[in-house]
Amino acid sequence: MKYDLHFSIAGLIVFLLLYIVLCVIYNNGQNTVRRLRELLICLFLADLLDIVTAYTIAYRADVPLWVNYALNSLFFFLEAVSSGAFARYVRFVYEPKKGRRFVTDYINLVIVFAFGILCATSFLTHAIFYFDDKGYHRGPIFDLTFGIGLYFLVFALVRMLQRHRSFSRRQKASIVAFVLIAIAGCVVQFVIPYKIFVMYFAFSIAAVITVFGLETPDSFKLQIALNDLEKSQTELQKAVERAESADRAKSDFLAHMSHEIRTPINAVLGMNELINRESTQPEIRAYSADIADAGQSLLSLINDILDFSKIEAGRMELAPSEYEVKNLLREVSNIIRVRCEDKGLTFDIQNNPTIPARLYGDDVRIRQILINLLNNALKYTDKGGVTLLVESKEISENQIELVFSVKDTGIGIKEEDLKLLFESFRRIDLEHNRKREGTGLGLNITKSLVEMMGGSIQVSSVYGEGSVFTVSIKQEVRGGEVLGVFKKEGTTTGKKKYESLFTAPEARILVVDDVKMNLSVVKGLLKQTRMQVETALSGEECLRMIQETAYDIIFLDHMMPEMDGLETMQRIKADTGHCNQSTPVIMLTANAILGAKEEYLGIGFEDYLSKPIQWKEMEELLMKYLPKEKQIS
Ligand code: ADP
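The structure displayed is predicted, hence computed values, not measured ones.

*Asks:* Even after reading the chapter, I still don't get the sheet that holds strand S10 (residues 508–512), so can you show me in this structure?
*Replies:* The sheet built from 5 strands is open, its strands ordered S11-S10-S12-S13-S14 with parallel pairing. The open sheet is flanked by strand S11 (532–536) and strand S14 (607–610), the only strands paired with a single partner. Sheet twist, expressed as the mean angle between neighbouring strand axes with direction ignored, is 25 degrees. Sheet analysis places S10 next to strand S12 (residues 553–556), joined by 4 bridges and oriented parallel. Opposite Leu 510, over in S12, you have Ile 554 as the bridge partner. Relative to the sheet, helix H14 (residues 516–525) contacts S10, S11 and strand S13 (585–589), its axis offset from that of S11 by approximately 175 degrees. Its contacts with the sheet put helix H17 (residues 596–603) on S13 and S14, and the angle it makes with S14 is roughly 145 degrees.

*Asks:* What is the right way to read helix H18 (residues 615–625) from this model?
*Replies:* Two residues of an α-helix separated by three or four positions point the same way, owing to the 3.6 residues in each turn. Of the residues making up H18, those classed as buried are Met 618, Glu 619, Leu 621, Leu 622 and Tyr 625. All buried residues of H18 lie within an arc of 160 degrees about the axis, which places them on one face of the element. The secondary structure elements touched by the buried residues of H18 are S10, H14, S12, S13 and S14.

*Asks:* How do you make sense of the packing of aromatic side chains when you look at a structure like this?
*Replies:* Note on aromatic pairs: each is described by the distance of the centres and the angle between the planes. All chains considered together, the criterion is met by 16 aromatic pairs. Centre to centre, the rings of Tyr 151 and Phe 155 are 5.9 Å apart; their planes meet at 40 degrees, and the pair counts as tilted. On the criterion of helical spacing, the pair formed by Tyr 151 and Phe 155 is a turn pair, its members being 4 residues apart in helix H5 (residues 140–162). For Tyr 151, a relative accessible area of 33% translates into the label partly exposed. Judged by relative accessible area, which is 14%, Phe 155 ranks as buried. Taken together through their ring pairs, the aromatic side chains of Phe 75, Phe 76, Phe 142, Phe 146, Tyr 200 and Phe 203 make up a single cluster. Lying over the aromatic face of Tyr 360, Arg 478 brings its terminal NZ or CZ to 4.4 Å of the ring centre.

*Asks:* Help me understand the pairing of strand S6 (residues 385–396), please; the structure alone is not making it clear to me.
*Replies:* In regular strands, side chains alternate between the two faces of the sheet. As paired strands, strand S4 (residues 346–351) and S6 are joined by 6 bridges and run parallel to one another. By the bridge assignment, Gln 350 is partnered in S6 with Leu 389. Summarising the sheet, S6 and strand S7 (residues 399–408) pair through 10 bridges and their orientation is antiparallel. Across the sheet, Lys 393 pairs through a bridge with Glu 401, a residue of S7. The turn linking S6 back onto S7 is made up of 2 residues.

*Asks:* Would you mind showing me how to read the environment of Val 268 here?
*Replies:* Within the secondary structure, Val 268 is located in helix H8 (residues 217–278). For Val 268, a relative accessible area of 46% translates into the label partly exposed. Sequence separation between Val 268 and Gly 84 is 184 residues, and the spatial gap between their C-alpha atoms is 88 Å.

The rules behind these values
- Residues numbered from 1 in each chain as written.
- Predicted model: local features only at pLDDT ≥ 70, side-chain atom pairs only at ≥ 80, totals over all residues.
- Heavy atoms only, no water.
- Pairing = 2+ DSSP bridges.
- Helix = DSSP H or I, 4+ residues; strand = E, 2+ residues; numbered from the N terminus.
- Axes fitted to C-alpha atoms, helices over the stretch in contact; angles between N-to-C directions.
- Contact = heavy atoms within 4.5 Å.
- Buried < 20%, exposed > 50% of the residue type's maximum accessible area, 1.4 Å probe, protein only.
- Arc of directions from axis to C-beta.
- Phe/Tyr/Trp six-rings, centres within 6.5 Å; stacked < 30°, edge-to-face > 60°.
- Lys NZ or Arg CZ within 6 Å of the ring centre and 35° of its normal.

Pasting the structure below:
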């Protein structure tokens, strides 16, 4: 025989195996699998008839003519049905529900039936094939078969392109591969006519790709997993939105709570400061000093909780800027030195003189880190002292590693407790620490801040002898000067009596707050400055007062009933008919949540002062904004 049928027979085996695979191993009851099985049956039968007709035509002398016609017609018909089955399969990939029918489904069905009728009615005619002296010749129906096959392949592709969103990448790739391989198989078969039958073998490879690419449990699982993933993504999105709104509620609650607690502390600490200033009895002043200490502890507790929740919510942000190392050390030293003296401890700062004088980083947070560590050092030390060692290592020309070591001669930490130190709300060695106040948040916040700056914190300790906490952070260098040897200020002999930083009898300021006690505190605190302090209990009252009097500064509380501080400020700025157009408006609020200052400044406030009012901070702010000619120092 002049035909090579090896490839066709191989295709037959592949179709059969794939069918068995789909029936036995991967039968998941899905419509697509059923349609694919139908396609495989059609391809198997068409391939079989291709082989059979090759034989019956080769041995036509021994075969009755009508048998050849019948077999050829059936073969052509099956070829058309196969390509139709492929298009039907693709349609089920994007629309797996059986119930829905499309007009094109009916059109395709009509095409296949019409072709079947054409094959049947052309029985025994040259339209199918004919023999002459030169042998076998195909009729036009044979060519039409390929036309119909091509139509269905293109139809499937167009459908896929139209609905490309309903197809996964993998589905698209498999379908395109099927079409290309099928067309390639036909072309190759035509190029080498009637010698080697490769067409059905190509179809079988295309079918292998489809079965293993799209319908195996793995790919099925993948599809299901992708669908699940999409679903869980939407759910996740919703959960994120819920969490975000809960987070916002938490932040609002914290801001509110902070405000509510700070308001009475402001009154307590403010009034206490007045008692301290005005009392001449040492006993009363000692009581007042205790109230001040307790108030400060309460305040740092609120600050810690606010910071902690901010870090937990991932909303703590760094605000780097250029700063002088000397100023940073001086601020830290001034706070800690006094506390150490009060406790009878020594306090020392040693530094490597070659540290650059100006650096770029978040000095406010570095200060917080140092104060946390130094406060702990003095809290957990009863005799001896605390040392702050500052060093720097050059990383590159404009970057250094700034290393702070806080060393104490205190109670020390047991080896087994070292790893627990940085856990939130974790206090250790409670039998010795019961009397020392604390929340167990300080080190956790410190570590988070250090890590936010890309730095690290280490601790070494000998129980009963003392501890060393070492913080390393990278900082950018600004300028070429060096710090030199830092000298802390001399010791204070007892607490200095209060003296105002300036007096300004000509200056007139307006303070707006809905809580009468707060107004009394401000007035009392500023008494020695001899300024004219006027007060208003609401935004409305403030707006009335600014119509009549020109003020040098206006302090506004934020949360006031009816018209709050923000609205009042906006109205002051919007109204052009008064003489306070250029008066600085300063926010004086108990809302001290992190980022609040930046927000207020962004809205249009000139500056911000948080309650409880620290008299020194307030006086410094006043000195900054009051006209210089009105200040007498
Ligand atoms: P707090 O001091 O508020 O309890 P911290 O997070 O600052 O919380 O510290 C956690 C624990 O680590 C403290 O309870 C204390 O037992 C221990 N600790 C911290 N610093 C020192 C120190 N310098 N010396 C000894 N123990 C310390």
